[in-house]
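Residues per chain are reported as follows:
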Amino acid sequence: MILVTGANGNIGSALLKELHLTGAAPVRGLTRDAARASFPEGVEAVEGDLARADSLKAALEGARSLFLLSGMGAEAEILAAARQAGVEHVVLVSSITVQTHPHLPAAGRNLAVERLLKDSGMAWTVLRPTQFASNTLWWAPAIREQGVVRAPYADIGLPAIHPADIAAVARAALTGPGHRGRTYVLTGPAPVTAREQVAAIAAASGREVSFVEISREEAHRQMASLMGDETADAVLDLMGGDVNDDLLTVHDTVSRVTGSAARPFRQWASDNAAAFR
């Protein structure tokens, strides 16, 4: 039995589909509301809340593998409960910032979870993805309502990754040999700038979308009202204010692990065009 947490999210929902198609093992998806879950046929929906490890008893019962996203709940308690329930292997989604920007508070928290897992006594696989292609959903309201994106660092290109590729690597790690005790850095197949992302979204959605480059200061004012000063500064650093070679490097991990090439950003835009119409 494989338990997938975050089963309604961008990665978890894709992982459920991957696991369902392979049929390698029974699959269970964790959700806060099983009645509203829309999982593939045959995937068991089990209720639980990652913020309360004691709510996961039913979900963990009989599970031998666990897919877990860092930063979603009380990881120390979750890992302890998983070990007690008999889970043997955990695939953890962490972040590339653990190695590219270790000074950031979020990176420190991710590293702490990685260490908790490695000290847990369970087998582990750690995934460190770069910027998600799905982060551009932040622009969806402005594109739908105004046909414009205002963002800084227009021409700095990061190798953004399709969440489905993170799911594909997770599926391989959960079901195949040779992945335990491994840390995988995951990126898309090529750098893509914010300006290029907007152009791809416009082409996929059939809309005219203009791009207006703004200053870091203006972007910070907008973002800080939603996420606070510290998080806004960290996000802006990762968007282009403090990029380094490690963050810009393209890795072939997706193709090596899954046997399929990583999906380009334009495919993500095509897959999600409806969100921008």
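In this text, all values refer to a predicted model and were calculated from it rather than measured experimentally. (Residues numbered from 1 in each chain as written. Predicted model: local features only at pLDDT ≥ 70, side-chain atom pairs only at ≥ 80, totals over all residues. Heavy atoms only, no water.)

J.: Could you give an account of helix H1 (residues 10-22), naming the residues involved and the relevant values?
T.: The end-to-end C-alpha distance of H1, which contains 13 residues, comes to 19 Å, matching closely the 18 Å that a straight helix rising 1.5 Å per residue would cover. Residues of H1 that are buried make contact with strand E1 (2-4), strand E2 (27-31), strand E4 (65-69), strand E5 (89-93) and helix H7 (163-175). Just beyond H1, the residue with positive phi is Gly23, at close to 60°. (Helix = DSSP H or I, 4+ residues; strand = E, 2+ residues; numbered from the N terminus. Expected span 1.5 Å × (residues − 1). Contact = heavy atoms within 4.5 Å.)

J.: Run through the packing of helix H9 (residues 216-227) against helix H10 (residues 229-241), naming residues and quoting values.
T.: Contact pair H9 / H10: the axes reach a minimum separation of 8 Å and the direction vectors enclose 135°. It follows from the interaxial angle that H9 and H10 lie oblique. Remark: the crossing between H9 and H10 carries right-handed chirality. Contact with H9, carried on its side by Arg216, Ala219, His220, Met223, Ala224 and Met227, involves Asp229, Thr231, Ala232, Asp233, Val235, Leu236, Asp237 and Gly241 of H10 and no other residues of that element. Among the residues making up the contact of H9 with H10, the classes are represented as seven nonpolar, three polar and four charged. (Axes fitted to C-alpha atoms, helices over the stretch in contact; angles between N-to-C directions. Parallel < 35°, antiparallel > 145°, perpendicular 65-115°, else oblique. Left-handed = near helix turned anticlockwise from the far one by under 90°. Nonpolar A, V, L, I, M, F, W, Y, C, P; charged D, E, K, R; others polar.)

J.: Run through the packing of aromatic side chains, naming residues and quoting values.
T.: Within this structure, the stated rule accounts for two aromatic pairs. Between Phe265 and Trp268, the aromatic rings sit 5.7 Å apart at their centres with planes inclined by 35°, giving tilted as the arrangement. Here Trp268 and Phe265 lie together in helix H13 (residues 265-271), a separation of three residues that amounts to about one turn. Comparing Phe265 with Trp268, the two get one shared label, buried. The interplanar angle of 75° and the centroid separation of 6.1 Å between the aromatic rings of Trp268 and Phe276 together place this pair among those described as edge-to-face. The exposure classification of Trp268 matches that of Phe276, with both residues buried. Members of the aromatic cluster, each reached through a chain of ring pairs, are Phe265, Trp268 and Phe276. A cation over an aromatic ring shows up here: Lys118 above the ring of Trp124, its NZ or CZ 4.6 Å from the ring centre. (Phe/Tyr/Trp six-rings, centres within 6.5 Å; stacked < 30°, edge-to-face > 60°. Buried < 20%, exposed > 50% of the residue type's maximum accessible area, 1.4 Å probe, protein only. Lys NZ or Arg CZ within 6 Å of the ring centre and 35° of its normal.)

J.: An account of the environment of Arg216 is requested, with residue identities and associated values reported.
T.: Mapped onto the fold, Arg216 is located in helix H9. Overall, Arg216 belongs to the partly exposed group, its relative accessible area being 24%. Along the sequence, Arg216 and Leu111 sit 105 residues apart, while their C-alpha atoms lie 28 Å from each other. If we ignore the near neighbours within four places in the chain, the residues touching Arg216 are Pro152, Tyr153, Asp233, Leu236, Asp237 and Gly241.

J.: Account for helix H8 (residues 194-205), with residues named and values stated.
T.: Here H8 spans 16 Å end to end across 12 residues, near enough to the 16 Å set by a 1.5 Å rise per residue. When H8 is considered as a whole, its buried residues turn out to be Ala194, Gln197, Val198, Ala200, Ile201, Ala202 and Ser205.

J.: Can you lay out the pattern of salt bridges for me, pointing to particular residues and giving the numbers?
T.: Tallied over the full model, the rule gives 11 salt bridges. Between Arg195 and Asp155 there is a salt bridge, with the nearest N and O atoms lying 2.9 Å from each other. Placement of the pair is Arg195 in helix H8 and Asp155 in the loop between strand E7 (148-151) and strand E8 (157-158), with a sequence separation of 40 residues. One connected set of salt bridges, linked through shared partners, spans Arg216, Asp233 and Asp237. (Salt bridge = Lys/Arg side-chain N within 4 Å of Asp/Glu carboxyl O.)

J.: Pulling in residues and values, what's your account of the sheet that holds E2?
T.: Taken in spatial order, the seven strands of this open sheet run E3-E2-E1-E4-E5-E6-E9, and their pairing is parallel. The sheet terminates laterally at strand E3 (44-47) and strand E9 (182-186), the two strands that pair on one side only. Adjacent strand axes in the sheet meet at a mean angle of 20° when their direction is disregarded. Direction of pairing for strand E6 (residues 123-129) relative to E9: parallel, over a ladder of five bridges. Residue pairing across strands places Val126 opposite Thr183, the latter belonging to E9. (Pairing = 2+ DSSP bridges.)

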